[in-house]
Amino acid sequence: MDLPSIPVEQPQPSPNSAPGGEALAFSLKQKSICVVGAGPAGLAALKVILDSPQHKAGLWVAVAFESREKVGGVWNPALPVDDPPLTPLYDSLTTNLPHPIMAFTSYSFPPSTHLFPKAAAVQSYLESYAKHFHLLQHIKFNTGVASVERAEKNWVVKLSSGETRTFDLVIVCNGHYRIPRYPNTPGIGEWLNARKASHSAWYRHPYNLGDTVLVVGAGPSGQDITAEMKAISKTIIHSVTGAPPEDDGNLKKRGRVVRFGENGQVEFEDGIIEKGVDYCILATGYEVSFPFLSSPIMETALPPPIPPLPREVCNSTFSVFPLAKHIFPLQSHFPSNSLAFLGILVRVAPFPLVEAQARAVVRAFADNQALDPTREAVGIISRYEELRAEVGEDPLAIAKAWDRHKGEEQFEYRDALSEFAEAGGPWSLAAESGGTSNGGWGRVRVQDWEKEMYGHKDVLRKVWRQLEEKGEADEWVKGVGEGGPHEWIDLMRKLVKKAEEEGVKVEEADKAKL
């Protein structure tokens with residue numbers, strides 16, 4: 001198998017001992033860690049690093065750089081005045097996962113929180129998380145990362161303040177909901193220039209957009225905006241690739257748009273033409289973007305077909321390839337465990353996933369021999385072959401599917417990361433002694449109820465919306481969680497049973513594309 005020649009720094013054993021008298025292999029030389037961003041992934045990374053024995057012994061020093069004024073990342077609201085906006089949060093946004101599934105394993109949402117909380121509640125939760133775990137003193141706000149370059153033995157990080165600093169490890173947590181992805185549909189450029197169309201990143205509310213509004217996209221934003229516009233506009237057209245035409249009151253469901261014409265005319269893949277469209281909202285997703293990384297650290301390009309693996313890391317704007325464990329760059333220019341990417345995967349429960357990824361990063365950084373390049377390359381090639389059999393030979397189709405997990409893949413992935421983290425380094429001894437996740441050191445596995453309720457997420461959201469519309473939601477969650485997390489599990493099971501008894505059906509359009 002042709003693999004990149006991956007540099008590996010030699011471990012430097014130290015006489016420092018972990019609890020129980022067993023030596024941990026990490027260097028006595030103090031090492032510095034840069035975290036890019038203080039959204040959910042950056043906060044999880046900081047928390048896990050601060051929990052490590054290396055940090056507690058003064059051997060690791062971490063700092064996160066956040067370009068905005070406070071933590072939260074995409075959950076920190078902002079008016080859509082920047083180009084692109086700092087966040088795509090619209091006024092009515094709620095989570096599309098129940099918060100017990102969405103929360104970090106080490107910190108629950110407050111008792112009585114709505115099951116599908118509004119964005120403001122998530123932002124408050126993240127601020128509370130940062131305060132509770134004493135993360136704020138390790139974050140430099142209003143300071144963005146302008147560039148990250150590799151020197152001989154470390155990383156040179158240039159900041160928006162003009163300062164330049166060096167680090168041993170860089171953890172990239174800048175999120176992937178900033179750069180809008182636009183379709184290349186004929187005529188869309190003219191609509192954008194005429195301000196008859198905009199990306200959903202600019203959307204905040206359904207008012208003053210016209211009588212007939214077209215929404216393109218079937219993801220959570222496309223569904224939410226369509227539902228919201230339906231109550232305001234005379235006619236709302238929802239374009240979903242492959243969807244059969246269907247009219248339901250003032251809602252028209254149509255297939256993929258194939259052409260944006262003049263005078264508000266839009267043609268769809270089934271040949272139907274709609275006239276008099278006043279405005280179009282493009283809920284067409286976002287590009288994976290790392291503006292502070294450039295060649296040879298990362299190439300903005302579609303990866304070539306494999307095998308062999310490319311010798312450079314490629315960002316197709318849909319996914320990053322090849323990354324060991326979807327985290328560590330397998331390439332030939334620098335040690336793979338010195339740069340890590342958190343939170344790139346989509347269609348997952350993100351907070352506990354980045355928590356697990358952060359634990360894996362700490363293990364790999366603590367032990368230079370933890371990553372097995374050959375084994376990781378074999379795993380990457382195996383996944384590539386599986387996706388090729390599923391979506392075909394087109395490298396673009398494979399790139400689009402690469403970071404999307406289906407079914408219970410995300411849970412298997414999280415457990416595999418936990419096993420890796422616990423196999424050696426900081427968490428091994430605590431896991432063996434029966435430690436728990438609350439202290440940041442114990443054995444963490446995805447619980448059966450998480451898988452169960454994730455499978456019911458769509459019906460739960462539909463039932464919850466019905467309760468909100470009836471004004472009954474507050475009563476359902478009043479006091480829930482005060483006696484422990486099991487109360488949230490009981491509540492969700494009651495709601496699932498309620499849905500079954502009432503015959504609540506979840507249509508395809510209601511399903512969250514996670």
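Cut-off values and rules
- Residues numbered from 1 in each chain as written.
- Predicted model: local features only at pLDDT ≥ 70, side-chain atom pairs only at ≥ 80, totals over all residues.
- Heavy atoms only, no water.
- Helix = DSSP H or I, 4+ residues; strand = E, 2+ residues; numbered from the N terminus.
- Contact = heavy atoms within 4.5 Å.
- Areas by Shrake-Rupley, 256 points an atom, 1.4 Å probe, with all protein chains shown as cover.
- Pairing = 2+ DSSP bridges.
- Axes fitted to C-alpha atoms, helices over the stretch in contact; angles between N-to-C directions.
- Phe/Tyr/Trp six-rings, centres within 6.5 Å; stacked < 30°, edge-to-face > 60°.
- Buried < 20%, exposed > 50% of the residue type's maximum accessible area, 1.4 Å probe, protein only.
- pLDDT = per-residue confidence, 0-100.
- Expected span 1.5 Å × (residues − 1).
- Arc of directions from axis to C-beta.
- Polar contact = N/O pair within 3.5 Å; in protein donor to acceptor, adjacent residues only side chain to side chain.
- Parallel < 35°, antiparallel > 145°, perpendicular 65-115°, else oblique.
- Left-handed = near helix turned anticlockwise from the far one by under 90°.
- Nonpolar A, V, L, I, M, F, W, Y, C, P; charged D, E, K, R; others polar.
- Salt bridge = Lys/Arg side-chain N within 4 Å of Asp/Glu carboxyl O.

1. Notes on the overall build of the chain
Secondary structure summary: the chain contains 15 helices and 23 strands in total. Here the analysis covers contacts within the chain between residues at least 6 apart in sequence; of these, 65% occur between residues at least 24 apart. Summed over all atoms, the accessible surface of the chain reaches about 22,600 Å², with 50% contributed by carbon and sulfur.

2. Quick word on the sheet that holds strand β6 (residues 164-167)
Read across the open sheet, the three strands follow the order β4-β5-β6; overall the sheet is antiparallel. The open sheet has two edge strands, β4 (145-150) and β6, and neither has a second partner. Direction aside, neighbouring strands of the sheet carry axes that sit 25 degrees apart on average. Looking at chain direction, β4 and strand β5 (residues 155-159) are connected through five bridges and run antiparallel. By the bridge assignment for β5, V145 is matched with L159.

3. Some details on the packing of aromatic side chains
Counting across every chain of the model gives 21 aromatic pairs. Consider the rings of F104 and Y125, whose centres lie 6.2 Å apart with planes at 20 degrees: the pair is stacked. On the criterion of sequence distance, the pair formed by F104 in the loop between α3 (99-102) and α4 (119-132) and Y125 in helix α4 is long-range, its members being 21 residues apart. By relative accessible area, which is 2% here, F104 ends up buried.

4. Digging into the pairing of strand β17 (residues 279-282)
Burial along β17 is two-sided: the residues Y279 and I281 and C280 and L282 are all buried. As paired strands, strand β9 (residues 197-199) and β17 are joined by three bridges and run parallel to one another. In the strand pairing of β17, A197 is matched with C280. Taken together, the four bridges between strand β10 (residues 212-216) and β17 define a ladder with parallel strand orientation. Looking at the pairing, V213 lines up with Y279 of β17.

5. Examining the sheet that holds strand β14 (residues 257-260)
One open sheet accounts for three strands, arranged β14-β15-β16; its pairing is antiparallel. Two strands lie at the open edges of the sheet, namely β14 and β16 (273-274), each paired on one side alone. Sheet analysis places strand β15 (residues 266-268) next to β16, joined by two bridges and oriented antiparallel. Bridging from a neighbouring strand, E267 pairs with I273 of β16.

6. Here we look at the environment of R150
Among the secondary structure elements, R150 is positioned in strand β4. Taking the C-alpha atoms as reference points, R150 and F167, 17 residues apart in sequence, are found 9.8 Å from one another.

7. What to know about the side chain of S418
Tracing the backbone through its elements, the reader meets S418 in helix α10 (residues 409-422). On the basis of relative accessible area, S418 is assigned to the buried category, the value being 4%. Once residues within four sequence positions are removed from consideration, S418 is found in contact with V444 and R445.

8. So, the confidence of the model for the chain
Detailed reading of the predicted coordinates is not advisable wherever pLDDT is low. Averaged over all residues, the pLDDT of the chain equals 91, while 89% of them reach at least 70. The low-confidence segment residues 8-27, where pLDDT is below 50, has 38 contacts with residues more than four positions distant or belonging to other chains. Here residues 427-441 is a poorly scored stretch, pLDDT under 50, and it has 38 contacts once near neighbours within four places are set aside; other chains count.

9. Side note on the pairing of β14
In regular strands, side chains alternate between the two faces of the sheet. Note: β14 against β15, three bridges, orientation antiparallel. Within the sheet, the bridge partner assigned to V257 lies in β15 and is F268. Counted along the chain from β14 to the antiparallel partner β15, the turn is five residues long, and its residue N263 has a positive phi close to 55 degrees.

10. Comments concerning helix α8 (residues 373-391)
Between the first and last C-alpha of α8 there are 26 Å, a value that for 19 residues agrees with the 27 Å anticipated at 1.5 Å per step. Those residues of α8 not exposed but buried are E376, A377, I380, I381, R383, Y384, L387 and R388. Burial along α8 is one-sided: seen end-on, the buried residues are contained in an arc of 165 degrees. Away from its buried face by more than 90 degrees, α8 exposes R375, E386 and A389. Packed against the buried residues of α8 are β20 (320-321), β21 (323-324), α9 (395-402) and α10. Of the residues flanking the start of α8, the one acting as N-cap is D372, its side-chain oxygen 3.1 Å from the backbone nitrogen of T374. G392, located one to two residues past α8, shows a positive phi value of around 105 degrees.

11. Describing the packing of helix α1 (residues 40-51) against helix α7 (residues 350-366)
It is the contact of α1 with α7, at a shortest axis distance of 8 Å, that shows an interaxial angle of 45 degrees. By the angle class used here, α1 and α7 are oblique. The handedness of the crossing between α1 and α7 is right-handed. Facing α1, whose interface residues are P40, A41, A44, A45, V48 and I49, α7 presents F351, V354, E355, A358, R359 and V362. In terms of residue class, the contact of α1 with α7 is built from 10 nonpolar, no polar and two charged.

12. Some remarks on the pattern of salt bridges
Applying the stated criterion across every chain, the model contains 21 salt bridges. Note that E422 is salt-bridged to R359, the shortest N-O span being 3.4 Å. Here R359 lies in helix α7 and E422 lies in helix α10, a separation of 63 residues in the sequence. Both residues of the pair, E422 and R359, count as buried. Across the salt bridge formed by K498 and E502, the nearest N and O atoms sit 2.7 Å from each other. Highlighted residues: K498 and E502, both in helix α15 (residues 486-502), separated by four residues, approximately one helical turn. Of the residues examined, K498 reaches a relative accessible area of 16% and is grouped as buried. Of the residues examined, E502 reaches a relative accessible area of 45% and is grouped as partly exposed. One network of salt bridges, with partners in common, ties together D247, K252, R254 and E274.

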